[in-house]
Amino acid sequence: METLKIQCIPDELGRLAPLPEYQTEGAAAMDLRAFLAEPLTLAPMERQSVPTGLAVELPQGFAGLVMARSGLAARSGLALVNGVGLIDSDYRGEIRCGLINLSAEPFTIRDGDRVAQLLLVPFARAELLPCESLSPTARGQGGFGSTGLK
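Residues numbered from 1 in each chain as written. Predicted model: local features only at pLDDT ≥ 70, side-chain atom pairs only at ≥ 80, totals over all residues. Heavy atoms only, no water.

A. Structural detail: the overall build of the protein. From N to C terminus, the protein includes 1 helix and 11 strands. Starting at the N terminus, the α and β elements of the protein follow one another as β-β-β-β-β-β-α-β-β-β-β-β. Principal-axis analysis of the C-alpha atoms gives the protein an extent of 60 × 40 × 30 Å. A buried classification covers 31% of the 150 residues belonging to the protein. Taking contacts inside the protein between residues at least 6 apart in sequence as the whole, the part at least 24 apart equals 69%. As presented, the protein carries roughly 10300 Å² of accessible surface, and 54% of it is formed by carbon and sulfur atoms. Each charge class in the protein can be summarised by its mean position, and for the 13 positive and 17 negative side chains these summaries are 6 Å apart. (Helix = DSSP H or I, 4+ residues; strand = E, 2+ residues; numbered from the N terminus. Buried < 20%, exposed > 50% of the residue type's maximum accessible area, 1.4 Å probe, protein only. Contact = heavy atoms within 4.5 Å. Areas by Shrake-Rupley, 256 points an atom, 1.4 Å probe, with all protein chains shown as cover. Lys, Arg positive; Asp, Glu negative; His and termini not counted. Charge placed at Lys NZ, Arg CZ, Asp CG, Glu CD.)

Next comes the structure, spelled out in structure tokens:
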């Protein structure tokens, strides 16, 4: 198990955000909560950067992926504007969730609502090796849709 150093950033009233939590024994990601002084309503197709009141010090060789909560997206149309957010191991600022309301109805986010998930993943940095050609594969250059629907 990895150790994640986490800082709770006080708001203007001196409140501290709650720590993220894994909701079940088998959960891969921990839930991030909105840290708001007052409710925030997103109109249809409106985007906002929602604070979490948290900053992290990721272990060397790890990145943080900020991901949508699937149930919230499916039921309410609340999604991340960039699909998946990336936190580099040298970033020390507040984690903010860029959210968009993809539904036809306004959606209100309240303080403490679970709005996204944080997944820690190991990564490798590559040494680039320019070359004239790449080794062949059965797929070759087949791209979007090249393997069919079924």
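Having put the structure on the table, let's press on.
B. Highlighting the pairing of strand 9 (residues 96-101). Counting buried residues in strand 9 gives 5 out of 6 residues, a clear majority hidden from the surface. Relative to strand 9, strand 7 (residues 78-80) is paired through 3 bridges, and the arrangement is antiparallel. Following the sheet pairing, Leu80 is matched in strand 9 by Leu99. (Pairing = 2+ DSSP bridges.)

C. Expanded view of the sheet that holds strand 9. Across the sheet, 3 strands lie side by side as 4-9-7; this open sheet has antiparallel pairing. Two strands lie at the open edges of the sheet, namely strand 4 (47-51) and strand 7, each paired on one side alone. Each strand axis lies, on average, 40 degrees off the axis of its neighbour in the sheet, ignoring direction. (Axes fitted to C-alpha atoms, helices over the stretch in contact; angles between N-to-C directions.)

D. How the structure looks around the sheet that holds strand 6 (residues 62-67). Strands sit in the order 2-11-6-8 across an open sheet of 4 strands; the sheet is antiparallel. Whereas interior strands pair on both sides, the edge strands pair on one side only; in this sheet they are strand 2 (30-33) and strand 8 (85-87). Going across the sheet, the axis of each strand differs from the next one's by a mean of 30 degrees, ignoring polarity. With 3 bridges connecting them, strand 6 and strand 8 associate as antiparallel partners. Within strand 8, the residue paired with Leu65 across the bridge is Leu86.

E. Structural context of the environment of Asp111. Here Asp111 is to be found in the loop between strand 10 (107-109) and strand 11 (114-122). Remark: the alpha-carbon pair of Asp111 and Leu40, spanning 71 residues in sequence, is separated by 8.7 Å. Residues within four places of Asp111 in sequence aside, it is in contact with Arg15, Ala34, Phe35 and Leu36. A polar contact is formed between the side chain of Asp111 and the side chain of Arg15, at a distance of 2.9 Å. Within the structure, Asp111 has its side chain in polar contact with the backbone nitrogen of Leu36 (distance 2.9 Å). (Polar contact = N/O pair within 3.5 Å; in protein donor to acceptor, adjacent residues only side chain to side chain.)

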